[in-house]
Amino acid sequence: MNSYFLNGKTAFVTGGSRGIGASIVKRLVKDGAAVAFTYANSAQKASELVKSIEAEGGRALAIRANSENADSVKSAVAEAINTLGHLNILVNNAGILDVKPYDQFTMDEFDKTVAVNIRAVFAAVQEAGPKMQSGDRIINIGSVNADVTGFPGMSLYSMSKAAVAAMTRGLARDLAPQGVTVNNIQPGPVDTDMNPAKGEMATVLKDVIALGRYGTANDIASFVSFLSSSEASYITGASLDINGGFMI
Ligand code: NDP
């Protein structure tokens, strides 16, 4: 595949300042796209990412938009389109992981997980989708926890990622007449601030990964790159696992 196959295309990535989102931003730029991304708190990391991309001749735009607020997400999508032009690729990556025994969650915490992990995804698609055209892509970042839950405390997170998988199927039907595909990538454990490969959860998790290691953010970015390409035009509504053989 030509390494600049996204030349002239634009992308919007939520939660692009760190972790998997930052790798997706860098990869889509490397593939030739101009990329806008959101962040909530990491202003410095967001600005450093833009600078490093610009230093190498790429185009990136950082927009502060807290995914807890659907209107902020919609405004960020609109700003990206105003600045970069027609949007070809929407990646809903921003997410939070709140692990706790079910009886210790407050209802505000329940609402926060729903807002960031589910509601913001829908808001971004509502803003971007109607303007998208044949060949354009929507890619959600779900989780293996939509299907399997290996230890306690994951009730809210698992619920939210199962909702993303189901929403993906519905949206794929809704956007198919426009020729827009909608897919859901479900990573297993990936080494980021959310789930460090040297963190507390790692000892348990590594034992149930067939390949015996955490995934890297670049592993996930490669998959996003493929799904963004014309090679992936017959894939839609799918929840696709990328997990090194997690709990198989
Ligand atoms: P990180 O916590 O490392 O990074 C999260 C990113 O999302 C940051 O850029 C952060 O921005 C942004 N973000 C968080 N909350 C908000 C918010 N309210 N509004 C806007 N942006 C926000 O997470 P990962 O990179 O590990 O995870 C990315 C996605 O991948 C998530 O959806 C997660 O559920 C999923 N995933 C991760 C796995 C893992 O093992 N790491 C496994 C399976 C799925 P800021 O820097 O400003 O805080």
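Right, let's walk through the structure included here.

Calculation criteria
Residues numbered from 1 in each chain as written. Predicted model: local features only at pLDDT ≥ 70, side-chain atom pairs only at ≥ 80, totals over all residues. Heavy atoms only, no water. Helix = DSSP H or I, 4+ residues; strand = E, 2+ residues; numbered from the N terminus. Rg over C-alpha atoms; globule rule 2.2 N^0.38 Å. Buried < 20%, exposed > 50% of the residue type's maximum accessible area, 1.4 Å probe, protein only. Pairing = 2+ DSSP bridges. Right-handed = clockwise from strand over helix to strand, strands pointing away. Expected span 1.5 Å × (residues − 1). Contact = heavy atoms within 4.5 Å. Polar contact = N/O pair within 3.5 Å; in protein donor to acceptor, adjacent residues only side chain to side chain. Axes fitted to C-alpha atoms, helices over the stretch in contact; angles between N-to-C directions. Parallel < 35°, antiparallel > 145°, perpendicular 65-115°, else oblique. Left-handed = near helix turned anticlockwise from the far one by under 90°. Nonpolar A, V, L, I, M, F, W, Y, C, P; charged D, E, K, R; others polar.

### Quick word on the overall build of the protein
Tallying secondary structure elements over the protein gives seven helices and seven strands in all. Along the protein, helices and strands appear, N-terminal first, in the series β-α-β-α-β-α-β-α-β-α-β-α-α-β. Over its C-alpha trace the protein gives a radius of gyration of 17 Å, about what one expects of a compact globule, namely 18 Å for 248 residues. Taken over the C-alpha atoms alone, the protein extends approximately 45 × 40 × 35 Å along its principal axes. Put simply, the protein has 248 residues, and 51% of those count as buried.

### Focus: the pairing of strand β3 (residues 60–64)
As paired elements, strand β2 (residues 34–39) and β3 share five bridges and run parallel to each other. Paired with Y39 across the bridge in β3 is R64. At this point the chain moves from β2, through helix α2 (residues 43–55), to the parallel β3, and the crossover so formed is right-handed.

### Regarding helix α5 (residues 155–175)
The terminal C-alpha atoms of α5 lie 30 Å apart, and with 21 residues this matches the ideal 30 Å at 1.5 Å per residue to within 8%. Listed as buried for α5 are L156, Y157, S158, S160, K161, V164, A165, M167, T168, L171, A172 and L175. Where α5 is buried, its residues contact α4 (107–128), β5 (137–141), β6 (181–187) and β7 (239–242).

### Structural notes on the side chain of N117
Mapping N117 onto the fold places it in helix α4. A polar contact is formed between the side chain of N117 and the backbone nitrogen of I96, at a distance of 2.9 Å. Of note is the side chain of N117, whose polar atom sits 3.1 Å from the side chain of S160. Aside from chain neighbours lying at most four places away, what touches N117 is A94, G95, I96, Y157, S160, K161 and V164.

### Description of the packing of helix α1 (residues 19–30) against helix α7 (residues 217–228)
Direction vectors running N to C along α1 and α7 enclose 45°, while the axes themselves pass 8 Å from each other. Between α1 and α7, the interaxial angle falls into the category oblique. Relative to α7, α1 is oriented so that their crossing is right-handed. Contact with α1, carried on its side by G19, I20, S23, I24, R27 and L28, involves A217, N218, I220, A221, S222, V224, S225 and S228 of α7 and no other residues of that element. Of the residues contributing to the contact of α1 with α7, the split by class is seven nonpolar, six polar and one charged.

### Let's talk about the environment of D147
Along the chain, the position of D147 falls in the loop between β5 and α5. D147 sits in the exposed class, given a relative accessible area of 57%. Setting aside residues up to four positions removed in sequence, D147 forms contacts with Q186 and D241.

### Describing the packing of α4 against α5
Running from N to C, α4 and α5 cross one another at 15°; their axes reach a closest spacing of 10 Å. Taken together, the axis directions place α4 and α5 in an arrangement best described as roughly parallel. Along this stretch, α4 crosses α5, giving a crossing that reads as right-handed. Taking contact as the criterion, the partners of E109, F110, T113, V114, N117, I118, V121, F122 and V125 in α4 are, on α5, L156, Y157, M159, S160, K161, A163, V164, M167, L171 and L175.

### Side note on the sheet that holds β7
Read from one edge of the open sheet, seven strands run β3-β2-β1-β4-β5-β6-β7, paired in parallel fashion. Only two strands of the sheet have a single partner each, and these edge strands are β3 and β7. Strand-to-strand twist in this sheet, taken as the mean axis angle between neighbours without regard to direction, amounts to 20°. As judged from the four bridges shared by strand β4 (residues 89–92) and β5, these two strands associate in the parallel manner. Within β5, the residue paired with I89 across the bridge is R137. Where α4 meets the sheet, it contacts β4 and β5, and its direction lies at approximately 170° from that of β4.

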